[in-house]
Amino acid sequence: MRITQGTFSYLPDFTDEQIQAQIQYCLNNNWPIAIEYTDDPHPRNVYWDMYGLPLFDIKDAVAIMQTLSECKATFPQHYIRISGYDRSLGRATTALQFIVQRPDDEPGFYLDRQEVSDRQVRYTIRSHSVTRPRG
Amino acid sequence: MTDTPATQGDQIDLDQVWQSSDIQALLDKLNEELIGLVPVKTRIREIAAMLLVARLREQHQMSTDRPTLHMSFTGRPGTGKTTVAMRMAKILHSLGYVRKGHLVVASRDDLVGQYVGHTAPKTKEILKKAIGGVLFIDEAYYLYRPENERDYGQEAIEMLLTAMENQRDDFVVILAGYKERMDTFFQSNPGFHSRIAHHVHFPDYSLDELVQIAELMVRQQMYSFDDDSRAAFRDYLEQRVQQPHFANARSVRNALDRIKLRQANRLIRAGGSIVTSDLARIDVEDVRASRVFRGGASAETSA
């Protein structure tokens, strides 16, 4: 099941040039970039692991593409996303965030139904990638 | 720009190319803002011309290796190395040799770590910041400390050399420092010497040039000399040049800062009412009060 979260996730996967252009757009807006990865794409899992430090003070997207390719080499079967953080006063939030790498096999989620009192049903979503981790 | 290989007779309007690349504007600005430095300006113009021709050759499918652009700027303090480096970054950007044209200034502290394993990430970080721009390493010879064989500077030098070779498209390195010490530095690191194409020396300013610089600064800051104070400032410079820690244009700027301080104090002490032009006028007394006239800059706290 293809994960759709963040910007552009309904579009076909970006090529490197397109990723670089998006990163350059962030940098031109003065948004520092962070590269994050995870093996658990659960929609409630907002805290992905950051690859290295946030990439402050960088002007050219090529520098970030280099770090990104290091990250891809280290985690070839993880989800990797790029986020651009707008630190300006009054915004102070993630301005753009998009997935740049997905594993070859995206196992999707399991929907758990729990019967409780008064015919109520509680739903839980579990990521298959976490319950049945690879290797 | 043509897509077909150039034949012998293709016409290229050099004037038009030169004008449209806005190098001329940048060089004019350099000329106007920096007094003197004739050899440097000539050199920069030559480099710009070479880069432009290389660009043209490339556009006409003639074989070109990307020219090596790393440079070394040598000269005493205050001769304008950083300012010229900033302009150089703009020129390289307008010719398309660097993608962004920003200047990252680094010194030994920014590159060399304090313990094992600290240097590589620090240097890498700076190199990353410099991508797409110009990396200006001030007092580069401090990177190399032969007296301490376990110094981590060597590690930074090696990373720098690799990056200068492998990422030639990504950034341009400019090393700067005193002439003599840079020469020894290059002697002990032949790798650097061979990777640097342009060695530019910044000569000291002559007295006349210093006076012109002072005039320019005073004008830019909306002050003015009168005839007496101009003469006094010339005297001041004449004596200051002889004294230790003279740092060319930087000393001129510092001297002017102190003169402005004395001018403000004089006005307040005098009290009463003044006219607007008094706010701008530098009096001879403001200049003459300098300690330089009374036995030397050694008495002054800052050079």
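Criteria and cut-off values
Residues numbered from 1 in each chain as written. Chains lettered and ligands numbered in written order. Predicted model: local features only at pLDDT ≥ 70, side-chain atom pairs only at ≥ 80, totals over all residues. Heavy atoms only, no water. Helix = DSSP H or I, 4+ residues; strand = E, 2+ residues; numbered from the N terminus. Buried < 20%, exposed > 50% of the residue type's maximum accessible area, 1.4 Å probe, protein only. Contact = heavy atoms within 4.5 Å. Areas by Shrake-Rupley, 256 points an atom, 1.4 Å probe, with all protein chains shown as cover. Lys, Arg positive; Asp, Glu negative; His and termini not counted. Charge placed at Lys NZ, Arg CZ, Asp CG, Glu CD. Buried area = accessible area lost by both parts, 1.4 Å probe. Salt bridge = Lys/Arg side-chain N within 4 Å of Asp/Glu carboxyl O. Polar contact = N/O pair within 3.5 Å; in protein donor to acceptor, adjacent residues only side chain to side chain. Nonpolar A, V, L, I, M, F, W, Y, C, P; charged D, E, K, R; others polar.

Q: Would you mind going over the overall build of chain B with me for this structure?
A: Along the backbone of chain B there are 14 helices and seven strands. The principal-axis extents of the C-alpha atoms in chain B amount to approximately 75 × 55 × 30 Å. Considering chain B as a whole, with its 303 residues, one finds that 46% of them fall into the buried category. Sequence-distant contacts, at least 24 apart, represent 75% of the contacts inside chain B between residues at least 6 apart. Approximately 15700 Å² of chain B is accessible, and the part contributed by carbon and sulfur atoms is 50%. In chain B, 39 side chains carry a positive charge and 41 a negative one; their mean positions are 4 Å apart.

Q: Can you walk me through the interface of chain A and chain B in this structure?
A: Many descriptions give the size of an interface as the accessible area lost when the pieces come together. Contacts between chain A and chain B engage 11 residues on the former and nine residues on the latter. Carbon and sulfur atoms make up 57% of the surface buried where chain A meets chain B, a total of about 860 Å² over both sides. The largest share of the area that chain A buries against chain B comes from K59(A), D60(A) and Q66(A), three residues that together contribute 44% of it. Counting across the chain A and chain B interface gives two salt bridges. Among the salt bridges present, the one from R99(B) reaches D60(A), with a minimum N-O distance of 2.6 Å. One can count two residue pairs in polar contact (both at pLDDT 80 or more) joining chain A with chain B. Its residues assigned to classes, the side of chain A that touches chain B comprises five nonpolar, three polar and three charged.

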